[in-house]
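# Chain and residue survey
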Amino acid sequence: QVQLVESGGGLVQAGGSLRLSCAASGRSFRRYAMGWFRQAPGKERELVAAISWSGRTTTYADSVKGRFTMSRDNAKNTAYLQMNSLKPEDTAVYYCAADEDLTGRLLHISEYDYWGQGTQVTVSS
């Protein structure tokens, strides 16, 4: 079992930055592929970024490419999402997710077994 706790959300003006953290406890963090997802009111949950267990492979939604960076520190059992040049349309609840996978591939949303409780990000115009 893995427990995930997100932090770092808040209210920021357009153009600003936030850094989200996802702290994991439980079984070995380094065995898990990680993802950041977001869900805005009335919309489906969508992938923002994902990273393989080693950190060698990442992917980003087109809407955040060049603005967001996902990373992980396996020694600290933590994944991060650095969000720059934030836009009002980035407003959502952001969730981190994990699944044990050592293949190095990036996972589909349906494959993630563990989810955090979410952290609200609000970007004002």
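Just so you know, these numbers come straight off a predicted model, no measurement behind them. (Residues numbered from 1 in each chain as written. Predicted model: local features only at pLDDT ≥ 70, side-chain atom pairs only at ≥ 80, totals over all residues. Heavy atoms only, no water.)

### Looking at the pairing of strand S1 (residues 2–7)
Regular strands place their side chains on alternate faces of the sheet. Selection criterion: Any residue under 20% of the maximum accessible area for its type is buried, any over 50% is exposed, and the rest in between are partly exposed; the area is computed with a 1.4 Å probe on protein chains only. Labels follow the DSSP assignment, with helices taken as runs of H or I lasting at least four residues and strands as runs of E lasting at least two, numbered in each case from the N terminus. In this scheme, strands are said to pair when DSSP sees at least two bridges between them.
Burial along S1 is one-sided: the residues Val2, Leu4 and Glu6 are buried and none of Gln3, Val5 and Ser7 is. With six bridges connecting them, S1 and strand S3 (residues 18–26) associate as antiparallel partners. What sits directly across from Leu4, in S3, is Ala24.

### Let's talk about the environment of Ser125
For clarity, the threshold we go by: What makes two residues a contact is simply this: any of their non-hydrogen atoms within 4.5 Å.
Here Ser125 shows up in the segment after strand S11 (119–124). Given the relative accessible area of 88%, Ser125 is considered exposed. Separated by 37 residues in sequence, Ser125 and Pro88 have C-alpha atoms that sit 6.0 Å apart. Filtering out sequence-adjacent residues up to four positions away, Ser125 remains in contact with Ala14 and Pro88.

### Considering the side chain of Arg67
We apply this condition: In the analysis that follows, any N or O atom pair within 3.5 Å is treated as a polar contact, provided that within protein one partner can donate a hydrogen and the other can accept it, and provided that, for residues neighboring in sequence, both atoms belong to side chains.
If you trace the backbone, Arg67 turns up in the loop between strand S6 (58–60) and strand S7 (68–73). For Arg67, a relative accessible area of 10% translates into the label buried. One polar contact links the side chain of Arg67 to the main-chain carbonyl oxygen of Ser85, over a distance of 3.0 Å. If near-sequence neighbours (up to four positions away) are discounted, Arg67 is found in contact with Gln82, Met83, Asn84, Ser85, Leu86, Lys87 and Asp90.

### Focus on the packing of aromatic side chains
As a reminder of what qualifies: Classification of ring pairs rests on two measures: the distance between centres of Phe, Tyr or Trp rings, Trp counted by its six-membered ring, which must be within 6.5 Å, and the angle between planes, read as stacked under 30 degrees, edge-to-face over 60 and tilted in between.
Per the counting criterion, the structure on display carries four aromatic pairs. Aromatic side chains Phe37 and Tyr112 sit 5.3 Å apart centroid to centroid with 80° between the ring planes, which places their arrangement in the edge-to-face category. Separated by 75 residues along the polypeptide, Phe37 in strand S4 (residues 32–39) and Tyr112 in the loop between strand S9 (92–100) and strand S10 (114–115) bring together distant segments of the chain. Here Phe37 and Tyr112 have matching classes, each one buried.

### Focus: the state of the cysteines
Basically, it comes down to this: In what follows, a disulfide is any cysteine sulfur pair within 2.5 Å.
A full pass over the atoms with the stated rule returns one disulfide. Disulfide pairing places Cys22 opposite Cys96 at an S-S distance of 2.1 Å. Because the sign of the S-S torsion sets the handedness, a value of about 55° for the bond joining Cys22 and Cys96 places this disulfide among the right-handed ones. Remark: Cys96 occurs in strand S9 and Cys22 occurs in strand S3; sequence separation between them is 74 residues. Accessibility assignment for this pair places Cys22 and Cys96 in one class, buried.

### A word on the sheet that holds strand S8 (residues 78–83)
The following threshold applies: Think of each axis as a best-fit line through the C-alpha atoms, taken over the contacting stretch in the case of a helix, with angles from 0 to 180 degrees between the N-to-C directions.
With antiparallel pairing, the four strands of this open sheet are ordered in space as S1-S3-S8-S7. Here the strands that pair on one side only, and so sit at the sheet edges, are S1 and S7. Each strand axis lies, on average, 15° off the axis of its neighbour in the sheet, ignoring direction. Bridge count between S7 and S8: six bridges; the pairing is antiparallel. The partner of Ser71 across the bridge, within S8, is Tyr80.

### Thoughts on the nonpolar core
As a reminder, the rule being used: Definition of nonpolar core: a set of buried residues of the types Ala, Val, Leu, Ile, Met, Phe, Trp, Tyr and Cys, connected through side-chain atoms within 4.5 Å.
One finds Leu4, Met34, Trp36, Met70, Leu81, Met83 and Tyr94 to be the most contacted residues of the largest nonpolar core, which totals 30 residues. Of all the secondary structure elements, the ones that give two or more residues to this core are S1, S3, S4, strand S5 (46–51), S7, S8, S9 and S11.

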